[in-house]
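Residues per chain, in single letters:
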Amino acid sequence: MFEKILNNKIAKITIISISLLIILTLGRSAFLNSFFNKRETVVPKVTSLHVDDATKLLKKFGLNYSIIESKSTEVPENFVFIQDPKPESIVKVRRTVNIWVNKANSVEIPDLTGKTLIEARRILEDFNIQIERIDYMPIENSEEELVLSIYPKVGSKIGTNQKISLLVSSKPLIESKIMPNLIGLDKNDAANILAQIGQSITFVTEANDPAFAHNVIIATNPLPGDTIEKNTKISIVLNTGVEVDKTITEVIEQKVESKKIDNNIEEILNQTLKEVEKKEENNEHKSEGE
C-alpha cells in the first residue's frame, strides 16, 4: 500500500517536472524571439500598388511601414513608386519598410466619351494631359474618330506628365455593301468577316473539289464583289469531301453562263422596245405631216 502511494507521488512529480520544463522552454523561446527578434520574413513587392493595398500587404507579412510622400511621374497619385528594403529581401519580423508614395499635383481625367479626337485633344491640352496611345476600332454606321473609351478610366487622378490611352472609332475595314471574297477561308473566318459588315452565313452546302483544301469555302452566293443589301441570304459551298454530281467549277461556270444568257435576253428585249418606240414616233410624225 505504502509502495503504491509512493509510486503515485513519483508519477505526479515527474509529470509536474516535465510540464514545468516545457513551459520554461517555450517561455524562453518566446522571450528570446520577442527580445532578440529572431523570426524572419520576406519583404513583399509593394511598388505600383495603392498605398492602402501596400500597407495591408506589409502588415500581412508582419512588417511595419513608414510612408514618405514625394512626387513621381511613374505612377498615379497615392501609389507606391519606391520601397526600401527591396522586394524579396529577408528581414526580421516587425522591420520597418519605407515606402515612397506619389503625392504629385494630380488632375482628374475628364469624360471624353463621344467627343471627336480633335475635341478630345483640345480638352486634354487644357488639363495638361498627354496622349500616349490611340487605338482604333471599326464601328458600323458611326462617325469616324469618336472617343469610345479612355484608360485610365474617367475620374481617375493622374500625376504631372502622366499619359493616357484612347480608343477611337474608325471606318469598317470592309465595305458593307460589297460581298467580300471568302474563297479559300474556313467557315469560322468567313463568319467573322461577314459579322463585320452585319451579315451572316444562311446556307451551307457540302461539296468535293480536289482543287481546294479540305474544309474551306470554294464558292459563295452572292459572288465576290456583288452588291449586297442588309440581311442578304448568303450561301457558301464548303469543301468537305462529299461527292457531288458536278464540280464547283462547273457550277460556277453554269451560273456565269446563265447570267450571260439573262443579260443577252434583257439586251434583246430592250433593243426590241427601242425599235417599237422608234416606229411609233415615225408613225406620229407621218400623221402630223398629212
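Nothing here was measured: the structure is a model prediction, and the numbers come from that model.

A short note on the overall build of the chain
- Each helix and strand in the chain was counted, giving five helices and 13 strands.
- The buried share of the chain, reckoned over its 290 residues, is 25%.
- Summing over all exposed atoms, the chain offers an accessible surface of approximately 20200 Å²; the carbon and sulfur share of this is 53%.

Observations regarding helix α2 (residues 51–60)
- Those residues of α2 lying buried are Val51, Ala54, Thr55 and Leu58. For α2, the angular spread of the buried residues around the axis is 95 degrees, confining them to a single face. Among the exposed residues of α2, those pointing more than 90 degrees away from its buried face are Lys56 and Lys60.
- Taken together, the buried residues of α2 touch β2 (64–70), β3 (80–84) and β5 (96–102).
- Just downstream of α2, Gly62 is the residue with a positive phi angle, here 75 degrees.

Observations concerning the sheet that holds strand β11 (residues 201–207)
- Here we have three strands laid out as an open sheet, ordered β11-β13-β12, and mixed in their pairing. Each edge of the open sheet carries a strand with a single partner, namely β11 and β12 (217–221). Shown here is a sheet whose adjacent strand axes are inclined to one another by a mean of 20 degrees, direction ignored.
- Where β12 and strand β13 (residues 234–239) come together, four bridges link them in antiparallel fashion. If you follow Ile217 over to β13, its bridge partner there is Leu238.

Overview of helix α4 (residues 187–196)
- Of the residues that open α4, the one with a side-chain oxygen 3.2 Å from the backbone nitrogen of Asn188 is Asp186.
- Backbone geometry just after α4 places Gly198 at a positive phi near 75 degrees.

Notes on the nonpolar core
- Counting residues in each nonpolar core, the largest one holds twelve residues, listed as Ile109, Leu112, Leu117, Ala120, Leu124, Ile129, Val147, Ile150, Ile158, Ile164, Leu166 and Val168.
- With sequence-adjacent residues up to four places away left out, Leu112 is seen in contact with Ala120, Ile123, Leu124, Val147, Ile150 and Leu166.

As for the sheet that holds β3
- The mixed open sheet is built from three strands, whose spatial order is β2-β5-β3. Among the strands making up the open sheet, the edge pair consists of β2 and β3. The sheet shows a mean angle of 25 degrees between the axes of neighbouring strands, taken without regard to direction.
- Both β3 and β5 contribute to a ladder of four bridges, which runs antiparallel. Each bridged residue has a counterpart across the sheet, and for Gln83 the counterpart in β5 is Ile99.

Considering the environment of Thr41
- Locating Thr41 in the fold gives a position in strand β1 (residues 40–42).
- Here Thr41 falls in the buried class, since its relative accessible area comes to 13%.
- Measuring from C-alpha to C-alpha, the distance between Thr41 and Val93 comes to 5.8 Å, with 52 residues separating the pair along the chain.
- Look past the residues within four positions of Thr41 in its chain and what remains in contact with it is Phe61, Leu63, Ser89, Ile90, Val91, Lys92 and Val93.
- Polar side-chain contacts of Thr41 include one of 3.1 Å to the backbone oxygen of Phe61.

Looking at the pairing of β5
- Judged from the seven bridges that link them, β2 and β5 form a sheet pairing that is parallel. Within the sheet, the bridge partner assigned to Ile68 lies in β5 and is Trp100.

A few points about the pattern of salt bridges
- Evaluated as defined, the whole model comprises one salt bridge.
- Taking the shortest distance from any N to any O, the salt bridge between Arg133 and Asp135 comes out at 2.9 Å.

Quick notes on a negative patch on the surface
- A cluster of acidic side chains, namely Glu119, Glu143, Glu144 and Glu145, defines a negative patch on the protein surface.
- If you trace the backbone, Glu144 turns up in the loop between β7 (130–138) and β8 (147–151).

So, the side chain of Asn102
- Inspection of the secondary structure assignment puts Asn102 in strand β5.
- A polar side-chain atom of Asn102 sits 3.4 Å from the main-chain carbonyl oxygen of Pro76.
- Those residues in contact with Asn102 that lie beyond four places of it in its chain are Ser70, Lys71, Ser72, Val75, Pro76, Glu77, Asn78, Phe79 and Phe81.

Some points on the environment of Glu77
- Tracing the backbone shows Glu77 in the loop between β2 and β3.
- When the C-alpha positions of Glu77 and Lys157 are compared, they lie 6.4 Å apart, and in sequence the two are 80 residues distant.

Cut-off values and rules
- Residues numbered from 1 in each chain as written.
- Predicted model: local features only at pLDDT ≥ 70, side-chain atom pairs only at ≥ 80, totals over all residues.
- Heavy atoms only, no water.
- Helix = DSSP H or I, 4+ residues; strand = E, 2+ residues; numbered from the N terminus.
- Buried < 20%, exposed > 50% of the residue type's maximum accessible area, 1.4 Å probe, protein only.
- Areas by Shrake-Rupley, 256 points an atom, 1.4 Å probe, with all protein chains shown as cover.
- Arc of directions from axis to C-beta.
- Contact = heavy atoms within 4.5 Å.
- Pairing = 2+ DSSP bridges.
- Axes fitted to C-alpha atoms, helices over the stretch in contact; angles between N-to-C directions.
- Polar contact = N/O pair within 3.5 Å; in protein donor to acceptor, adjacent residues only side chain to side chain.
- Core = buried A, V, L, I, M, F, W, Y, C linked by side-chain atoms within 4.5 Å.
- Salt bridge = Lys/Arg side-chain N within 4 Å of Asp/Glu carboxyl O.
- Patch = residues over 30% accessible without salt bridge, like charges linked within 9 Å, V, L, I, M, F, W, Y side chains within 5 Å.
- Lys, Arg positive; Asp, Glu negative; His and termini not counted.
- Charge placed at Lys NZ, Arg CZ, Asp CG, Glu CD.

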